[in-house]
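Listed here are the chains, written in short residue letters.
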Amino acid sequence: MKLKSLFNLIITIVAISLLVVILVKTNNTHIMIKEEIAKLQLSKEKPSIVLKNLKENDFITSPLVIKGEARGTWFNEGSFPVILTDGDGLIIAETQTTVNSNWKTDDYVEFEAYLEFTTPEVYKTNGHLIFQNANQADSLEESAYEITVHFK
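Structure report, in brief. Not measured: the values here are computed from a predicted model.

Here we look at the overall build of the protein chain
- Within the protein chain, the regular secondary structure consists of one helix and eight strands.
- Reading the protein chain from its N end, one meets helices and strands in the order α-β-β-β-β-β-β-β-β.
- Classification of the 152 residues of the protein chain by burial places 33% in the buried group.
- The contacts in the protein chain between residues at least 6 apart in sequence include a share of 64% that link residues at least 24 apart.
- Of the roughly 10200 Å² of accessible surface on the protein chain, a fraction of 58% belongs to carbon and sulfur atoms.

This is the structure:
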């Protein structure tokens, strides 16, 4: 009888231990999911890129220095592409951003980009600055950020 009671006790302890392990893993997964949802909500509340010296419909000339902040998740090896197009979508200039701090973060990282370009023909007075997410595969954020610009 003692052997049967001991066996039942061991089975009960093993079952409770397994249940505790399952509950802990489930709780950890639940916490991780909540953290990812919070990141997604934050990325929707705040833009991925904040430009400091340019805004939608600004007039630009060459050379153009662009200053701003982007989430670290946009960078790959400390940079991401910036493209300037004319109103027809033809590429006028391309460059890469540069950073002077740690870009391996979810927080904002300051960047600069330098563009030299030839101003398009007179009838093409507007264009677009396109900032491309260099980490699209790892990011839940948009793949590009675009503003309309006008040429002086």
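Brief notes about the sheet that holds strand β6 (residues 108–115)
- Read from one edge to the other, the open sheet built from three strands follows the order β1-β3-β6, with strand pairing classed as antiparallel. Two strands bound the open sheet, and with one partner strand each, they are β1 (49–51) and β6. If you compare each strand with its neighbour and ignore which way they point, the axes differ by 30° on average.
- By the bridge criterion, three bridges tie β1 to strand β3 (residues 64–71) in an arrangement that is antiparallel. Paired with L51 across the bridge in β3 is G68.

What to know about the sheet that holds strand β5 (residues 91–96)
- A sheet is described by the order of its strands in space; here five strands give the open sequence β2-β8-β7-β4-β5, paired in mixed fashion. Strands with a single pairing partner mark the edges of an open sheet, and in this sheet they are β2 (58–60) and β5. Taken over all neighbouring pairs, the strand axes of this sheet differ in orientation by 30° on average, direction set aside.
- Sheet analysis places strand β4 (residues 81–86) next to β5, joined by five bridges and oriented antiparallel. Bridged to I83 within β5 is E94.

A few points about the side chain of H150
- Considering the arrangement of structural elements, one finds H150 in strand β8 (residues 144–151).
- Beyond its immediate stretch of four places on either side in the chain, H150 contacts N57, D58, F59, I60, T125 and N126.

A short note on unusual backbone geometry
- In the segment running from S62 into P63, the intervening peptide bond is cis, with an omega of 0°.
- Inspection of the secondary structure puts P63 in the loop between β2 and β3.
- Positive phi, close to 55°, is recorded for E77, a residue that is not glycine.
- Given the relative accessible area of 66%, E77 is considered exposed.

Brief notes about the packing of aromatic side chains
- Inspection of every chain in the model, using the stated rule, returns six aromatic pairs.
- Pairwise contacts between aromatic rings join W74, F75, F80, F111, F131 and Y145 into one cluster.
- Positioned above the aromatic ring of Y108 is the side chain of R71, whose terminal nitrogen or guanidinium carbon lies 4.8 Å from the ring centre.

As for the environment of E121
- Take E121: it is sitting in the loop between β6 and β7 (126–132).
- For the pair E121 and F151, spaced 30 residues apart in sequence, the C-alpha to C-alpha distance is 9.7 Å.

Section: the environment of D88
- If you trace the backbone, D88 turns up in the loop between β4 and β5.
- Overall, D88 belongs to the exposed group, its relative accessible area being 56%.
- Distance from D88 to G127, taken between C-alpha atoms, is 7.8 Å for residues 39 residues apart in sequence.

The rules behind each value
- Residues numbered from 1 in each chain as written.
- Predicted model: local features only at pLDDT ≥ 70, side-chain atom pairs only at ≥ 80, totals over all residues.
- Heavy atoms only, no water.
- Helix = DSSP H or I, 4+ residues; strand = E, 2+ residues; numbered from the N terminus.
- Buried < 20%, exposed > 50% of the residue type's maximum accessible area, 1.4 Å probe, protein only.
- Contact = heavy atoms within 4.5 Å.
- Areas by Shrake-Rupley, 256 points an atom, 1.4 Å probe, with all protein chains shown as cover.
- Pairing = 2+ DSSP bridges.
- Axes fitted to C-alpha atoms, helices over the stretch in contact; angles between N-to-C directions.
- Phe/Tyr/Trp six-rings, centres within 6.5 Å; stacked < 30°, edge-to-face > 60°.
- Lys NZ or Arg CZ within 6 Å of the ring centre and 35° of its normal.

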